[in-house]
Amino acid sequence: MIINKPALITPSILSANFAKLGEEIKQVTNAGADWIHIDVMDNHYVPNLTIGPMICKTVRAITTTPLDVHLMVENVDSLIPEFAKSGADIITFHPETSKHIDRTISLIKESKCKAGIALNPTTGLHYLDYVMDKIDVILIMSVNPGFGGQTFLPISISKIIEARRKIDIWENNTKTKKSIILQVDGGVNVNNISKIRSAGANAFVSGSAIFESINYKETIDTMRTEITKSDNLK
Ligand code: DX5
Ligand code: ZN
């Protein structure tokens, strides 16, 4: 598959050291992060409890890097305006958490954010069928949502390929100028990123692989080298 789209590295702060979050954000943006991925979990939709709008606002105050908010919460609509006010640039939600997917997307857009749809490993791509014209990001979960540090599920590769095909067909058919970003989240590391790239992804969430490494810049640079290597194989 030929991917001539720039690759975005979007580190997830879920694996950062929260005792020095400001420093971590600075380090990872200096290391070349394209977006900061913020994992919001509510202990209902997923069995973990993480970040609220307050932290998002704090992060917004110290960086101009786009904030990529991944909502893993029930009653998603009630939190969208709050995260938008707190500085989110991209808001991604899981279709299972919305009663009216189209309304939720509109709410994100009205809040002046880019809208993303996240698909769990067993959630079908059919959720995208009638919303391609409205969304900016498709996020393929390559682990079950809830925790950082899990292992990439190999079955995700065929789903990424299928999602890329869907995007390419839609973009060609509609001759749109919009380019939907295909983001992959869960277990992404320097060893598997080239395979994920060649399947068609152009944004890569990575938490533990970056924040548990000794040198964030070296890790992000290696990820980019792996992506370039994979692109050059085409
Ligand atoms: C999982 C989260 C991911 C996770 C990524 O529910 O959405 O963003 O933090 O972390 P790693 O890269 O460690 O799998
Ligand atoms: Zn995430």
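Note on numbering: residues in each chain are counted from 1, in written sequence order. Here the convention is simple: chains get letters from A, ligands get numbers from 1, in the order in which they are written. Local features in a predicted model are, by the rule used here, given only for residues with pLDDT of at least 70; side-chain atom pairs are given and counted only at 80 or more, and totals for whole chains, interfaces and linings are based on all residues. Calculation of side-chain values draws on the structure's entire complement of heavy atoms; hydrogens and water are dropped beforehand.

Would you explain the packing of helix α1 (residues 21-30) against helix α2 (residues 53-62) in this entry?
Any two packed helices are characterised by the angle at which their axes cross and by the distance between the axes. Helix axes use the C-alpha atoms of the stretch in contact, all axes being lines fitted to C-alpha atoms, and the angles between their N-to-C directions lie in the range 0 to 180 degrees. Think of it this way: any DSSP run of H or I at least four residues long counts as a helix, any run of E at least two long counts as a strand, and we number them from the N terminus. Here α1 crosses α2 at 50 degrees, and the two axes come no closer than 10 Å. Of the possible angle classes, the one that applies to α1 and α2 is oblique. Like other packed secondary-structure pairs, α1 and α2 cross with a definite hand, here right-handed. Here α1 contributes Leu21, Gly22 and Ile25 to the contact with α2, which in turn contributes Ile55, Val59 and Ile62. Between 65 and 115 degrees an angle is taken as roughly perpendicular, under 35 as roughly parallel, over 145 as roughly antiparallel, and anywhere else as oblique. A crossing counts as left-handed when the near helix is turned anticlockwise from the far one by less than a right angle, and as right-handed when that turn is clockwise. Whether two residues are in contact is decided by their heavy atoms, any of which lying within 4.5 Å being enough.

Explain the UniProt feature "active site" (unreviewed entry) in the protein chain here, please?
UniProt positions are given in the numbering used here, feature names are shortened, and annotations may be inferred rather than shown by experiment. UniProt's feature table lists "active site" (unreviewed entry) at Asp39 and Asp185, given in the numbering used throughout. Spatially, the listed residues are clustered: although they cover 147 residues, their C-alpha atoms lie within 10.5 Å of one another. From the set just named, the residues that line the largest cavity comprise Asp39 and Asp185. Along the polypeptide, Asp39 turns up in strand β2 (residues 36-41). Relative accessible area serves as the criterion here: at 4%, Asp39 is assigned to the buried category. Not counting the four nearest positions on each side in its chain, Asp39 is found in contact with Ser12, Leu14, Thr50, Ile51, His70, Met72 and Asp185. A polar contact of 2.9 Å, which involves the side chain of Asp39, links it to the side chain of His37. With a 1 Å grid spanning the protein atoms alone, the term cavity applies to any set of points in which a 1.4 Å probe fits but cannot get out, the term pocket to an open set with protein on both sides within 12 Å along at least five of seven lines, and the term lining residue to any residue with an atom within 4 Å of a point. Exposure categories follow from relative accessible area, calculated using a 1.4 Å probe and restricted to protein chains: below 20% of the type maximum is buried, above 50% is exposed, and the middle band is partly exposed. Residues adjacent in sequence count toward polar contacts only when both atoms are side-chain atoms; beyond that, a polar contact is any pair of N or O atoms within 3.5 Å, and within protein one must be able to donate a hydrogen and the other to accept it.

What exactly am I supposed to notice about helix α4 (residues 101-110) here?
Owing to its 3.6 residues per turn, the α-helix brings residues three or four apart onto one side. Every buried residue of α4 is accounted for by Thr104, Ile105 and Ile108. All buried residues of α4 project into a common sector of 100 degrees when viewed along the axis, lining one side. Along α4, exposed side chains directed more than 90 degrees from the buried face belong to Arg103 and Glu110. Against the buried residues of α4 lie α3 (80-85), β4 (90-93) and β5 (114-119). Looking one or two residues past α4, Lys112 carries a phi angle of roughly 65 degrees, positive in sign. The reported arc concerns the directions from the helix axis to the C-beta atoms and nothing else.

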